[in-house]
Each structure stands twice: as C-alpha cells, then as structure tokens.
Amino acid sequence: MGVDLAAAACACVGAAYEALENRPRSVAWLVRALRLDAGCAEALDFVVDRRLLSADEEAWLRDETAAALENSDRAWVAAVYSARLGCRDADPAGDAARFEALDRVHGLGDNQEVLRARAERCYTAHDYRGAYEVARRVRERDPYDFGCAPVYLASLVELGAKHELFSTAHELAKAYPQKACSWFAVGCYYLLVKKNDQAQRHFHKACKLAPRFAPAWIGFGNAFAAQDESEQAMAAYRTASRLFQGSHVPLAYIGMEYLRTNNLPLAKHFLRGARKLCGSDPMVLNELGVVELRQGLYADAEQTFSDVLVLFERLPDRSPLKSACESSVFNLAQTYRKMKRFDDAARYFELALALKPGDAAIRGALGVTLHALGGAHVHKAVECYHTALAMRPDDTFCSEMLSRALRDVAELGREGGLEVLRPVGLLRRQDVGTEDRRGNDAGREVRARERRVFAVGVAYVSKFFPKSRQGTALGVFGAGNVGSAVTKLLAPMVMLAFGWKAVAEVWALALAVIAVVSFLLTRDEPGLAERRVAAQTNTLAKPASSPLLKLQGNSMTKLFLCPQRCSSWTKRQNSKAPTTLPRKG
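### As for the overall build of the protein chain
So, step 1. When helices and strands are counted, the protein chain shows 30 helices and 0 strands.
So, step 2. Counting only residues that meet the buried cut, the protein chain has 38% of its 585 residues in that class.
So, step 3. Summarising the internal contacts of the protein chain: among those between residues at least 6 apart in sequence, 54% fall at separations of at least 24.
So, step 4. Entry remark: accessible area of the protein chain is about 33900 Å², with carbon and sulfur atoms responsible for 58%.

What follows is the structure, encoded as structure tokens:
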C-alpha cells in the first residue's frame, strides 16, 4: 500500500501549527491524518514525542486506530500503536497483555521502537529499575539512540548510578557536542552529585541548542528547585508545560513548588490540572491529598488518599512502586487522626509501619494515636515512644510525649485502672510550662547529685596514693565515666531486642552486682580510724552545756540565718528600752 498524500499533508499542517504553539489545531490536523491513514507513523510520532494529548485522549486515539487496523494486514502496526499510546494507562495488566502480544504474536519483542515504549512505560509507572534495564538493551544495540536516551539518563539519576551516568555523559558529549541530549546528560550528572550551579549551566546549554527539548527544561527547573530558587524553577517548568502540553509532569512540579512555598490555593490548582491530564499517577494524587490535608479539608483528603491506595492495589505484588505507597498510607492515617477516628488511624499507622519498619516518625505517630485512645493502649504508646527515641534520640516531641505517657501510666496505677487520662494536646499552656520547669528542676538535681558523687569519689581515691601517683589514679577513676556512653550505646539495642522494661531490669541487676562487689572488696580510707577515735575522745571531754547556752545558741543561729529580721528585732527592742536605768533600792 502506498503513501496517502492527504494524510501526509495533514501531518505537515499539524506540525506547522505545533511550531506556532497552537495545540488545538495541531492536534486536530494530526488526528485527521491518522483517520485518513491509520498507518501514518509520522503523525503518531509527533503526537507521542511532543506529548500533545492527555492520557484519556491517548487512550481514545489508541482504540480508534486499533479498530481501523484490526482487520487489515497491518495488525502489527496497531499493536505497536497500542504499546506507544498506552504509556500512561491506569491498568498495569493491560501493559503485560500488549507487550506479550507484540512478542508472542508478531515477534516484535526486541524491536527498538517497542523497547523504547516499554522503557517509557516503566519510567511513567515509577519502575526505575525496569526502565533502566530495558533502556540499557536499547543502548547496547545503538549507543546513540537519542529517542530512548532521556529515559535512560533519568533512570540513572533515580537509581543514583553516578559512575555510569558520568561515563555516558562523557561519551555523548565527546561524540555529539551539537546535540542537546549530550549536555542534558552532563546536567543530569551534576544534578545527581548535587553540584547545582554546574547543572544549571549545562541544562541551559541544552535548552539553547534545542529550545523545544522539554526534558532539559524540566531538569533546569529541578536544578533551581534544589537551591530553593522557586521563581526560576517555576519559569522553567512553565516552559516545559508549554512544550509538553499533554504531559502532567511540569504541572505536578509547579504544584509541588507552590506547596513547598506554602501557597496552597495555587498548589491545589496546578495539581488538579496534573490529575486531569493523568489521573493514574499516584504521586500526583498524594501531593494533592497533602494540600487538602493542610487546608483542613479532611473529607477530601481522605477520598484522595483512598484513591491513591486503589491505584496501588492494582499493581502486581512485586512491583517496585508497591513499596513506595508507605507515604500515602501514613498520610491517610494522619487524616484519620485529624478526624478523631483513632481506631482507623492506628490501623493504617500499623500498615505503614509494616511497609517501612525503620521509620521513627511512624512509630511516634502511632504512639500519639494509641495515647489518645487511652486505657490499656497507653502501655503500647510508651513502647512506641521508646522505640522512636531509640531510632532518633534527638526527637523532643517524642521525649515530651513519653514523659506524659509515663505520668498517665502512673495515674492509671494509682486509680486502679480507671480512665483518668487527659486528651492529648488539650493541656493548657501554663500546665506545659509547669511540667517543663519540673523537668528542668529534676534534671538539675540529678546533675548536682552526680557532681557530689564524683567529688566524693575523687577525695576517696586520692587518699590511697602518694602525691606523685595521684594524677594517674584520678585519671583512671575519671575514665569510669565512660559507663554513661556505654549506656547510651547499649540501652537502645536492649530495648529493641527485649523491650523497654528489660532495660531497667538489666541495669538494676548490674547496679546491684556492682554494689555487692564494692561492699566486699573496698576498704576504709586511710586515717578514718584515727578520726573516729579522736571524735569519741572529744565527746567524752566536752562539758555539759546549760539550757541558757543552748537557748542563746539557738537564738544566735536564728539571727544569723535571718539578718533582716535580726535588724528589725533589734530596733524593736531598742525602742522599748527606757531612756534611764533604774536605780537599785
């Protein structure tokens, strides 16, 4: 079958309108070309590569072209079109069926174009490892396939493969210095190693070489966003959005940048636009749910996070994106906690903890939820706080909540298990200040006691050695303070292995053993016996004091302890004294 000239002419007109940035007319002419000739590959390449259609429009075009080519001898063309137009499909099971049909029925599993479509589909589904493996197969056959190079380079950035990215960027820049993709690769490397100034410079060079190369503009915006330069970042994202009018990625980045700067209305506007273009991306829905949660729209946030989990449930069990749903589960649990639905919040916090066991924030949030439930749940809350502090010792919030939970446990014990817990977060400000002052006073008392014990130990040890050896002896004695560091190192391990109660039991046993050993092995300091004999001798030789002397001593002691009252009392006594002394009879 020959070339359809009318379809080719329509494709040229559509390309011309796209160059004039007139997207509606460009899409109309390109779709007309595909209707005249469903095998017009030029029109399809232009639609797919320039991202002129949204996800729903691509699905509609895929079904229409497949129906036109189904009963012809070009069924394999329809299969290729189906693979290329299904990169943003919400059904992952359809991907396997399409690519399996291409491989098994038509024998096109190793075709470069099919592999490129599969790599792009994996990257859109956030399967960066799969996208890298497929794109590497394309690169092994053709190292300079610039159609698949952006996906390959972006996958290397997501995987953190800086050595391979450096080698690839060096090779591309050396072989094709006039290509924008070569300098895009260099910018990706500098962005990965966090040299954002050099990344901006090379992304800018790529944009100058090819002003319509949208991946370079997205990388340019990411380099600015990494340095908190929001205005320049959003300018680059807007340019990418104008070039890729059917892509949701630039709009999502703009919304995330507005969210970072706390401009919630604009963030919600752009994230909704991204969701309209591609409603199957769970990351877009997660960011939109975060905006709604921060706006206090808890019902909308609950619905959005529930939609995210529905998208995750469609994924295969071994999908890499399945493990990334922890943040959405955590956000949904936070939404339930804000809505005072503590049972649902605790259930989803436990689910998030199963997905990511080593996250201290999830442990602390679960502790707060269990603490709010009250009753027997407070003991579990104490364990959660202890585990969170073992993972992140500098968490002041968990430290404060742990002290409140322990006080509540003590109150439960005194009241015989009655519900006497105060709601979390409802303490008055003055109560919090009072508790902080009590904690500070207790800490100062403990530190003062430690200083006194250390001073007694220094005086005790120094008596056993001559002056020439006292420095070494006191140095060995001071090295014993390493026990506090050993406690900070071992106590979290013991708590994670056996529970927080085991820490107190093990350390109490160790202190008891040390006390027994000290009692059995230590002896009195030199000169103590002589001082005791001298004290007894002085006591026997001391005359009995009269009641008058005791009274005077007590009065003088009171006067010295209260000098101000002493002066006022003296004035009163002087004012009562007579001016002349009475004569003796």
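### Here we look at the confidence of the model for the protein chain
So, step 1. Overall, the prediction assigns the protein chain a mean pLDDT of 76, with 73% of residues at 70 or greater.
So, step 2. Counting contacts from residues 417-440, a segment whose pLDDT is below 50, to residues more than four positions away or on other chains yields 22 contacts.

### Some details on a nonpolar patch on the surface
So, step 1. Taken together, the side chains of Leu509, Val513, Val516, Val517, Phe519, Leu520 and Leu521 make up a nonpolar region of the molecular surface, amounting to roughly 770 Å² of accessible area.
So, step 2. With respect to the helices, strands and loops of the structure, leucine 520 is situated in helix 27 (residues 500-521).

### Let's talk about helix 1 (residues 5-19)
So, step 1. Between its terminal C-alpha atoms helix 1 stretches 21 Å, which fits the 21 Å expected from 15 residues at 1.5 Å a residue.
So, step 2. Residues of helix 1 that are buried: Ala7, Cys10, Ala11, Gly14 and Glu18. The buried side chains of helix 1 occupy one side of the element, clustering within an arc of 105° when seen end-on. Of the exposed residues in helix 1, the ones pointing more than 90 degrees away from its buried face are Leu5 and Cys12.
So, step 3. The inward-facing, buried residues of helix 1 abut helix 2 (23-36), helix 3 (41-49) and helix 14 (230-243).
So, step 4. Glutamate 21 lies just past helix 1 and shows a positive phi near 60°.

### With respect to the packing of aromatic side chains
So, step 1. Here the structure, examined in full by the defined rule, presents 14 aromatic pairs.
So, step 2. The interplanar angle of 85° and the centroid separation of 5.7 Å between the aromatic rings of phenylalanine 184 and phenylalanine 213 together place this pair among those described as edge-to-face. With phenylalanine 184 in helix 11 (residues 180-192) and phenylalanine 213 in the loop between helix 12 (196-209) and helix 13 (214-225), this pair connects stretches of sequence that are 29 residues apart. The two residues phenylalanine 184 and phenylalanine 213 agree in class, both being buried.
So, step 3. For the ring pair tyrosine 237 and tyrosine 253, a centre distance of 5.2 Å and an interplane angle of 20° mean the geometry is stacked. Remark: tyrosine 253 occurs in helix 15 (residues 249-260) and tyrosine 237 occurs in helix 14; sequence separation between them is 16 residues.

What counts and how
Residues numbered from 1 in each chain as written. Predicted model: local features only at pLDDT ≥ 70, side-chain atom pairs only at ≥ 80, totals over all residues. Heavy atoms only, no water. Helix = DSSP H or I, 4+ residues; strand = E, 2+ residues; numbered from the N terminus. Buried < 20%, exposed > 50% of the residue type's maximum accessible area, 1.4 Å probe, protein only. Contact = heavy atoms within 4.5 Å. Areas by Shrake-Rupley, 256 points an atom, 1.4 Å probe, with all protein chains shown as cover. pLDDT = per-residue confidence, 0-100. Patch = residues over 30% accessible without salt bridge, like charges linked within 9 Å, V, L, I, M, F, W, Y side chains within 5 Å. Salt bridge = Lys/Arg side-chain N within 4 Å of Asp/Glu carboxyl O. Expected span 1.5 Å × (residues − 1). Arc of directions from axis to C-beta. Phe/Tyr/Trp six-rings, centres within 6.5 Å; stacked < 30°, edge-to-face > 60°.

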